[in-house]
Amino acid sequence: MSELNDLYQELILDHKRHPRNFRDMPDATRAVDGHNPLCGDQLRLFVKVVGGRVEDVSFIGVGCAISMASASMLTETVKGRTVDEAQRLFADVHDLLTNDHPHTDPAELGNLGALAGVHEYPMRVKCATLSWHTLDTALTSDEDSVTTE
Amino acid sequence: MNAIVKPRSDADWDVARVRRDFPILDQEVHGHPLAYLDNAATTQKPQSVIEAMDRYYRRDNANVHRGVHALAERATTDFEAARESVRRFINAPSAREIVFVRGTTEAINLVASSFGQGLREGDEVIITAMEHHANIVPWQLLRERTGVVLRVLPITPAGELDLEALPGLFSARTRLIALTHVSNALGTINPVRQVVAMAHEHGVPVLLDGAQAMPHMRVDVQALDCDFYAFSGHKLFGPTGIGVLYGRESLLQAMPPYQGGGEMIRTVSFEKTTFAGLPHRFEAGTPDIAGAIGLGRAIEYLEKLDWSAVMAYEHRLLEYATDRLKDIPGLRVIGEARDKVALVSFVMDDVHPHDMGTILDHRGLAVRAGHHCAMPVMTFYQVPATSRASMAFYNTVEEVDRLAAALRHARELLA
Ligand SMILES: Cc1ncc(COP(=O)(O)O)c(C=O)c1O
């Protein structure tokens, strides 16, 4: 197995210690609960979509370092993107974390590339993808909650 | 910092020798010697158990109770000998009271389903706030089927049963108390003898979930005077797939079958089927024969141990681990009952149990992170999850030292 530092990179630890956009959003157009029953990670993701663009995105919740950092990085990256772009990001992150030979280049994902190390920890992949599945649900369905089961 | 006295390794319990009986313990994980501290999830198996199951499949494999050929006879003899070993081990009056099941979960479901058939809407079942989901959900399913009422005995902040609340829970409609002997999330050893006595004063039978008690103490169902006792082979140094329901004969006799099929019948016609006697009436279908034989062998292994030495040793491990862990900044022990098995549940500021699990794993330390199938306990302590180090008689003081060092490291890394 790889070094622990590949998983807990400084960038991830920074987002874990200081999560960005960690707040309620009263005027959100969608609020979706994400739950990982395996470890109890629980978050609520808010998005404000106006004219096909994610104007604002935020989250609240509790979870491990990986799930919190991933959610925080998600909000930073997705804010201001079109819904289509956000969905492509979801697909790329998913590819990076779950495929043994991803076609996505972590370098092209900017900060999100820091999540690449999670791939070596199969038990932790769901922690990292929880917020992304929640985002996907918020953008593509009417469901109010999603679990990683 | 208080001086923490390291327990001396003593002549009574030769842990190095015992470890040699468990081949799996001798391995490295991520470049460190494995320290297996997840015994409440499942225990490791001694060589003799592995060999007994191997030999069964190499030499004796046949279906039980069905053939007259040599292999069928051997398999049947060994299977029933395992039942007798279980009976002897828990001091049940009769082997008819030993029902083989898949594990604790199935044992409790059997009682909820079969004993539960005798219950009516408005009848009451008492459980406790520290139960494993296996002793909650079957009763909720029964509630959906029949309308029984579930009453829950609360726990105290220390993680003990609030026994003072128990008398107030009894009513004329109370039909059963189902509680755990030892909590898997907190380590608490419950005063079950006392609960049984109180219940019997009200004429109420008691089911004990013994999954976590069996590996840490000798259990005598007659001394406990309980009516049902459930446990899992895999938590008792035996194989997965096999477990036991002990039931008082007079109760089992009155209970309808749980599942229908082969083994559990005497005669079948399309008009009428008569059922087999105890315990076969509750064992429909081909059982886990190899599993039962493995469990029987695990019990023979355990019977050879000096249990006063085992218990004294485990108690020293518990006290040492508790002292070492409490000494770590930011760490809070969850469950501080006076009577505990060698299990420490804890949370640490700024380090989620799931991260903790990964960080410890990197140092070869196997602990469990999660809600331990006891979500109501997590809710009570207002934590989403805990980390849990659960020890067995083959764990060592050195492993506890490594755990403590790794916990300090985890805090430095993530806080
Ligand atoms: C207290 C308790 N009860 C019941 C169970 C369920 O045991 P099994 O999964 O072997 O059926 C467990 C196992 O985790 C337990 O700890």
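Heads up: the structure comes first, above all this text.
A short tour of the structure in this document, coming up. (Residues numbered from 1 in each chain as written. Chains lettered and ligands numbered in written order. Predicted model: local features only at pLDDT ≥ 70, side-chain atom pairs only at ≥ 80, totals over all residues. Heavy atoms only, no water.)

Next up on the list: the environment of Asn-395 of chain B. All names here are of chain B. Considering the arrangement of structural elements, one finds Asn-395 in the loop between strand E17 (386-390) and helix H13 (397-414). Asn-395 gets classed as buried once you look at its relative accessible area, which sits at 1%. Measuring from C-alpha to C-alpha, the distance between Asn-395 and Ala-16 comes to 9.4 Å, with 379 residues separating the pair along the chain. Beyond its immediate chain neighbours, meaning those up to four positions away, Asn-395 contacts Val-15, Arg-19, Tyr-36, Leu-37, Asn-39, Tyr-313, Leu-317 and Ser-390. Looking at Asn-395, its side chain comes within polar contact range of the side chain of Glu-399, at 2.8 Å. (Helix = DSSP H or I, 4+ residues; strand = E, 2+ residues; numbered from the N terminus. Buried < 20%, exposed > 50% of the residue type's maximum accessible area, 1.4 Å probe, protein only. Contact = heavy atoms within 4.5 Å. Polar contact = N/O pair within 3.5 Å; in protein donor to acceptor, adjacent residues only side chain to side chain.)

All names here are of chain B. In the region of the ligand, 13 residues are neighbours, and Thr-105, Asp-209, Gln-212, Ser-232 and Lys-235 sit closest. Side-chain polar atom of His-132 to an oxygen atom of the ligand: 3.1 Å apart, as the coordinates give it. Between His-234 and the ligand, the recorded distance is 2.7 Å, taken from a side-chain N or O atom to an oxygen atom. Starting from 400 Å² of accessible surface for the ligand in isolation, the protein chains cover 84%. Residue composition of the shell around the ligand, grouped by class: 2 nonpolar, 9 polar and 2 charged. (Near = heavy atom within 4 Å. Areas by Shrake-Rupley, 256 points an atom, 1.4 Å probe, with all protein chains shown as cover. Nonpolar A, V, L, I, M, F, W, Y, C, P; charged D, E, K, R; others polar.)

Moving on: unusual backbone geometry. Residues and elements named next belong to chain B. The linkage connecting Leu-278 with the following residue, Pro-279, adopts the cis geometry, with an omega of -5°. One non-glycine residue, Asn-91, lies in positive phi territory at about 55°. Relative to the helices and strands, Asn-91 is located in the loop between helix H3 (70-90) and strand E4 (98-101). Classification of Asn-91 as partly exposed rests on a relative accessible area of 30%.

All names here are of chain B. Side chains Val-206 and Leu-208 project from strand E8 (residues 206-209) onto one buried face, and the interleaved Leu-207 and Asp-209 project onto a second face that is buried too. As judged from the 4 bridges shared by strand E7 (residues 174-180) and E8, these two strands associate in the parallel manner. Bridged to Leu-179 within E8 is Leu-208. As a crossover connection, the stretch from E7 through helix H6 (residues 192-201) into E8 is right-handed. (Pairing = 2+ DSSP bridges. Right-handed = clockwise from strand over helix to strand, strands pointing away.)

Let us now look at the side chain of Thr-134 of chain A. Assignment of secondary structure puts Thr-134 of chain A in helix H5 (residues 125-140). Contact partners of Thr-134 of chain A, with chain neighbours within four places excluded, come to Val-32, Asp-33, Gly-34, Leu-43, Leu-45 and Val-146 of chain A.

Our next topic: the packing of helix H3 (residues 65-78) of chain A against H5 of chain A. Residues and elements named next belong to chain A. Remark: H3 packs on H5, axes separated minimally by 7 Å, with the N-to-C direction vectors making an angle of 40°. In terms of orientation, H3 lies oblique with respect to H5. Note on packing geometry: the crossing formed by H3 with H5 is right-handed. Across from Ile-66, Ser-67, Ser-70, Ala-71, Leu-74 and Val-78 in H3, the residues of H5 making contact are Cys-127, Ala-128, Ser-131, Trp-132 and Leu-135. Within the contact of H3 with H5, the residues separate by chemical class into 8 nonpolar, 3 polar and no charged. (Axes fitted to C-alpha atoms, helices over the stretch in contact; angles between N-to-C directions. Parallel < 35°, antiparallel > 145°, perpendicular 65-115°, else oblique. Left-handed = near helix turned anticlockwise from the far one by under 90°.)

Another aspect to go through is the packing of aromatic side chains. Residue and element names in this part refer to chain B. Taken as a whole, this structure holds 15 aromatic pairs over all chains when the rule is applied. Here Phe-115 and Phe-228 contribute two aromatic rings whose centre-to-centre distance is 5.9 Å and whose plane-to-plane angle is 75°, an arrangement assigned as edge-to-face. Remark: Phe-228 occurs in strand E9 (residues 228-232) and Phe-115 occurs in the loop between helix H4 (104-114) and strand E5 (124-128); sequence separation between them is 113 residues. For Phe-115, a relative accessible area of 13% corresponds to the buried category. Seen in terms of ring centroids, Phe-380 and Tyr-381 are 5.0 Å apart; in terms of plane orientation they differ by 85°. Their pairing is edge-to-face. The exposure class assigned to Tyr-381 is buried, which follows from its relative accessible area of 11%. (Phe/Tyr/Trp six-rings, centres within 6.5 Å; stacked < 30°, edge-to-face > 60°.)

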